[in-house]
Amino acid sequence: MREFGYQRAYDVSGAVALLDGDPDARFLGGGTNLVDLMKTGVERPALLVDVRELPLNRVESTPDGGLRIGATVTNSDLAAHPEVRRRYPALAQAVLAGASGQLRNMATVGGNLLQRTRCGYFADVTSPCNKRVPGSGCPAVEGEHHNHAVLGASDHCVATHPSDMGVALAAFDAVVAYETADGPGEVPLADFYLPVGETPHLETVLPPGALITGVTLPPAPVAAVSRYRKVRERASYAFAIGSIAAALDVHDGRVREVRLAFGAVASRPWRARAAERVLTGAPADAETFAAAADAELARAKPLPHNGYKVTLMRNLVVAVLSELAEEATR
Ligand SMILES: Cc1cc2nc3c(=O)[nH]c(=O)nc-3n(C[C@H](O)[C@H](O)[C@H](O)COP(=O)(O)OP(=O)(O)OC[C@H]3O[C@@H](n4cnc5c(N)ncnc54)[C@H](O)[C@@H]3O)c2cc1C
Ligand code: SF4
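With an unreviewed UniProt entry as reference, the protein is termed Xanthine dehydrogenase family protein subunit M, source organism Streptomyces olindensis.

This is the structure we're talking about:
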């Protein structure tokens, strides 16, 4: 491990100034991803700017009935917050489905959104990897890819984004707020992650040196009946091989409003808009749910060893929407 500097920031402008747009400096949240990557040499920052003392650790209601979540709110505090549990239960469930209690006590909202892929080649500095070393190749395409992407990938990278929290945030139209030396900015989560294309090393639209300050959830009454379902290779403490966040409002047997996002199938939390279009106004039954899943998954391009994800996601959509439909009409 190479030597690095450490500074603690106490206010937002101070944090941005300390980082000073230095490409060799990184903000440090809980450190649960960044420090691991430093140990293996994937990340080699010269300076860490610790953001955990910033006044960004609150979850607050917005005047329009949404929620603003500070970037340094821990995953544990987010999942336990009564308004999150009441208004956006799928978000609390998604966070609780991730990692372990100890990790969630350390991990922050900002760090969770920017955590790196769990592709084994990315984590192994002796392997080529276009995301880690642009232009070096992607061994996963012909190698180990059973938990890689089936949607929105490219020949240059087939990695998935590992966040559970991000999937629920995508379903609920979250907006990410950030601060740079030039002032504040914000971007919908739907536009936050860049398409993979030929540049998988470029992951988000955040300007260089930007500090994530928080995430805003617009009001979404439909989210009160919502669910996060995660499938993994063991019952706990494992990343998803497929997951969905779903919310459903049913009136007179028809879908009045729906939100659907997929996890562990793409380089970003995947908002299932094609499925939502099929569902809206249609009968709230298993046939419609299956047709909606098929509409979304028609674009899937599975590799030789991850085609099971297409069937898995179809089954998840039908199962979770059926449960929500029953709950919504009770
Ligand atoms: C064993 C293990 C199992 C896990 N299982 C899961 C799981 O099942 N589901 C899941 O979703 N996650 C899982 N995680 C990942 C965990 O959720 C992330 O490590 C965590 O959310 C990252 O948060 P952090 O605050 O520790 O980020 P850090 O490690 O501190 O930072 C991560 C990245 O974000 C940047 N960053 C941090 N804060 C900011 C900010 N405010 N502004 C700009 N940049 C910032 C850092 O510079 C770094 O690049 C697991 C992790 C481990 C180690
Ligand atoms: S899938 Fe992406 S992260 Fe994994 S080896 Fe290929 S380029 Fe690297």
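Undergrad: Let's hear about the overall build of the protein: which residues, and what values?
TA: Along the protein, the regular secondary structure elements total 13 helices and twelve strands. The C-alpha atoms of the protein give a radius of gyration of 20 Å, which matches the 20 Å a tight globule of 330 residues would have. Its C-alpha atoms put the protein at 60 × 50 × 35 Å along the principal axes. Here the protein holds 330 residues, and 52% of them are scored as buried. The long-range fraction of contacts in the protein, counting pairs at least 24 apart against all pairs at least 6 apart in sequence, stands at 63%. Accessible surface, the protein as shown: approximately 14600 Å² in total, 52% of it carbon and sulfur.

Undergrad: Got a sec to walk through the environment of V12? Specific residues and values, please.
TA: Residue placement: V12 occurs in helix α1 (residues 12-19). Sequence spacing of V12 and V51 is 39 residues, and the spatial spacing of their C-alpha atoms is 8.5 Å. V12 has contacts with L54, L56, E179, L211 and T213, leaving out every residue within four places of it along the chain.

Undergrad: Residue-level account of the sheet that holds strand β3 (residues 47-50), with values.
TA: The parallel open sheet is built from three strands, whose spatial order is β1-β3-β2. What marks the edges here is a single partner per strand, and that holds for β1 (5-8) and β2 (25-28). With strand direction ignored, the average angle separating the axes of adjacent strands in the sheet is 25 degrees. With four bridges connecting them, β1 and β3 associate as parallel partners. What sits directly across from R8, in β3, is D50. Strands β1, β2 and β3 of the sheet are contacted by α1, whose axis makes an angle of about 150 degrees with β2.

Undergrad: Explain helix α12 (residues 286-297) to me, and be specific about the residues and the numbers.
TA: Across its twelve residues, α12 extends 16 Å between first and last C-alpha, which sits within 8% of the 16 Å expected from 1.5 Å per residue. Residues of α12 that are buried sit in contact with β10 (240-251), β11 (254-263), β12 (270-271), α11 (273-279) and α13 (308-328).

Undergrad: How would you explain the site of ligand 2 if you had to name every residue and give the values?
TA: Near ligand 2, the surroundings consist of 14 residues, among which C119, C129, C138, C157 and V158 are the closest. For the shell around ligand 2, the per-class residue count stands at ten nonpolar, three polar and one charged.

Undergrad: Talk me through the site of ligand 1; I want residue IDs and the actual numbers.
TA: The environment of ligand 1 is made up of 32 residues, and the closest members are F27, T32, L34, T108 and D164. N33 is positioned with one of its backbone polar atoms (N or O) 2.8 Å from an oxygen atom of ligand 1. At 2.9 Å, a side-chain N or O of K230 approaches an oxygen atom of ligand 1. Computed on the free molecule, ligand 1 has an accessible area of 970 Å², of which 92% lies beneath the protein chains in the complex. Put simply, the parts of the chain that give the shell around ligand 1 at least two residues each are β2, α2 (34-40), α7 (109-114) and β8 (211-217).

The rules behind the values
All residue numbers here refer to positions counted from 1 along the written sequence of the relevant chain. To label them, take the chains in the order written and letter them from A, then take the ligands in the order written and number them from 1. Under the rules for a predicted model, residues below a pLDDT of 70 receive no local features and side-chain atom pairs below 80 are neither given nor counted, while totals for whole chains, interfaces and linings still include all residues. The side-chain figures draw on all heavy atoms in the structure; neither hydrogens nor water molecules are used. Strands here mean DSSP runs of E at least two residues long; helices mean DSSP runs of H or I at least four residues long; both are numbered from the N terminus. Our radius of gyration looks at C-alpha atoms and nothing else; its globule reference is 2.2 Å times the residue count to the power 0.38. Between buried and exposed lies partly exposed: a residue is buried under 20% and exposed over 50% of the maximum accessible area for its type, with that area taken using a 1.4 Å probe on protein chains only. The contact definition used throughout considers only heavy atoms, calling two residues in contact when any of these lie within 4.5 Å. Here, Shrake-Rupley sampling with a 1.4 Å probe gives the accessible areas, and only protein chains in the shown set may cover a residue. Pairing between strands is defined by DSSP: at least two bridges between the two strands are required. To obtain each axis, a line is fitted to C-alpha atoms, and for helices this fit is confined to the stretch in contact; angles are then taken between N-to-C directions over 0 to 180 degrees. By this rule the span expected of a helix is its residue count minus one, scaled by 1.5 Å. Note on terminology: near, applied to a residue and a molecule or strand, indicates that one of the residue's heavy atoms is within 4 Å of it. When residues are grouped by polarity, Ala, Val, Leu, Ile, Met, Phe, Trp, Tyr, Cys and Pro land in nonpolar, Asp, Glu, Lys and Arg in charged, and all others, Gly among them, in polar. Polar contacts here mean pairs of N or O atoms no more than 3.5 Å apart (in protein, one a potential hydrogen donor and the other a potential acceptor; neighbouring residues in sequence count only if both atoms are side-chain atoms).

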